[in-house]
Amino acid sequence: KNLIQLVESNHSNKTLPQLQVGDTVRLGVSITEGNKERIQATEGVIISKSNCGINLTITIRRVLQGIGIERVYLLHSPKLKSIEILRKSKIRRAKLYYLRTRSGKATRLQQRFN
């Protein structure tokens, strides 16, 4: 068990903010095109979070041109360059999968100020 923690501590990202389900975030993801590398910003609502040590993942959902897009990001990945929390929301569930069936104003979440 200590050996696993030792290996994970070498690869973990120490500068992670406190992310919760319902937060609207902007992620800077490193993308390699040919021999050039650039950082692409992705924005969306966290609809689920999986806590498992170094395998910590979040699922981001956003609607782009009328189509819902969900993507899973590994938070300790070296390809993830920046995480910025834009907005926090009041929610009462661990997973927001019900947002998949809703569209338009029904997908709004009540903002939390604290």
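Every value quoted in this text rests on a predicted model; they were computed, and no experiment measured them.

Chemist: Account for the nonpolar core, with residues named and values stated.
Modeler: Counting 11 residues, the largest nonpolar core consists of Leu-19, Val-25, Leu-27, Val-29, Ile-46, Leu-56, Ile-58, Ile-60, Tyr-73, Leu-75 and Leu-80. Those elements giving two or more residues to this core turn out to be β1 (24-33) and β3 (57-64). Every residue in contact with Leu-75, bar those within four places of it in the chain, is listed here: Asn-13, Leu-16, Leu-19, Leu-56, Ile-58, Leu-80 and Ile-83. Core analysis: the next-biggest nonpolar cluster, separate from the first, contains six residues, Val-21, Ile-47, Leu-99 and Leu-109 among them.

Chemist: How would you sum up a nonpolar patch on the surface? Please name residues and give values.
Modeler: Where nonpolar side chains cluster on the molecular surface, the patch consists of Leu-3, Leu-6 and Val-7 and spans about 300 Å² of accessible area. Positionally, Val-7 belongs in helix α1 (residues 2-11).

Chemist: Lay out unusual backbone geometry with the relevant residues and their values.
Modeler: The backbone phi angle of Gln-65 is positive, close to 55 degrees, even though this residue is not glycine. Residue placement: Gln-65 occurs in the loop between β3 and β4 (67-74). With relative accessibility at 78%, the residue Gln-65 sits in the exposed group.

Chemist: Can you lay out the sheet that holds strand β2 (residues 36-50) for me, pointing to particular residues and giving the numbers?
Modeler: With antiparallel pairing, the five strands of this open sheet are ordered in space as β4-β3-β2-β1-β5. The open sheet has two edge strands with one neighbour each: β4 and β5 (80-87). Going across the sheet, the axis of each strand differs from the next one's by a mean of 40 degrees, ignoring polarity. Pairing analysis gives five bridges linking β2 to β3, with the strands arranged antiparallel. Considered in β3, the bridge of Ile-46 is made with Ile-60.

Chemist: Describe the pairing of β3, with residues and values.
Modeler: Count of turn residues in the β2/β3 antiparallel hairpin: six residues, of which Gly-53 carries a positive phi of about 65 degrees. In terms of strand pairing, β3 meets β4 through eight bridges, oriented antiparallel. Paired with Arg-61 across the strands is Glu-70, a residue of β4. Adjacent in sequence and paired antiparallel, β3 and β4 are bridged by two residues, among which Gln-65 carries a positive phi angle near 55 degrees.

Chemist: Could you give an account of the pattern of salt bridges, naming the residues involved and the relevant values?
Modeler: Across all of its chains, the model carries six salt bridges by this definition. Of the charged contacts in the structure, one is a salt bridge between Glu-84 and Arg-26, with a shortest N-O distance of 3.4 Å. Of this pair, Glu-84 sits in strand β5 while Arg-26 sits in strand β1, placing them 58 residues apart in sequence. In this structure Glu-84 comes out as partly exposed when scored by relative accessible area, which is 39%. Taking relative accessible area as the criterion, Arg-26 reaches 32% and is therefore assigned partly exposed. The salt bridge partner of Glu-70 is Arg-61, with a shortest N-O separation of 3.0 Å. Under the relative-accessibility criterion, Glu-70 is labelled partly exposed at 31%. Overlapping salt bridges, with partners in common, bring together Arg-26, Glu-43 and Glu-84 in one network.

Reading the values: rules and limits
Residues numbered from 1 in each chain as written. Predicted model: local features only at pLDDT ≥ 70, side-chain atom pairs only at ≥ 80, totals over all residues. Heavy atoms only, no water. Core = buried A, V, L, I, M, F, W, Y, C linked by side-chain atoms within 4.5 Å. Buried < 20%, exposed > 50% of the residue type's maximum accessible area, 1.4 Å probe, protein only. Helix = DSSP H or I, 4+ residues; strand = E, 2+ residues; numbered from the N terminus. Contact = heavy atoms within 4.5 Å. Patch = residues over 30% accessible without salt bridge, like charges linked within 9 Å, V, L, I, M, F, W, Y side chains within 5 Å. Areas by Shrake-Rupley, 256 points an atom, 1.4 Å probe, with all protein chains shown as cover. Salt bridge = Lys/Arg side-chain N within 4 Å of Asp/Glu carboxyl O. Pairing = 2+ DSSP bridges. Axes fitted to C-alpha atoms, helices over the stretch in contact; angles between N-to-C directions.

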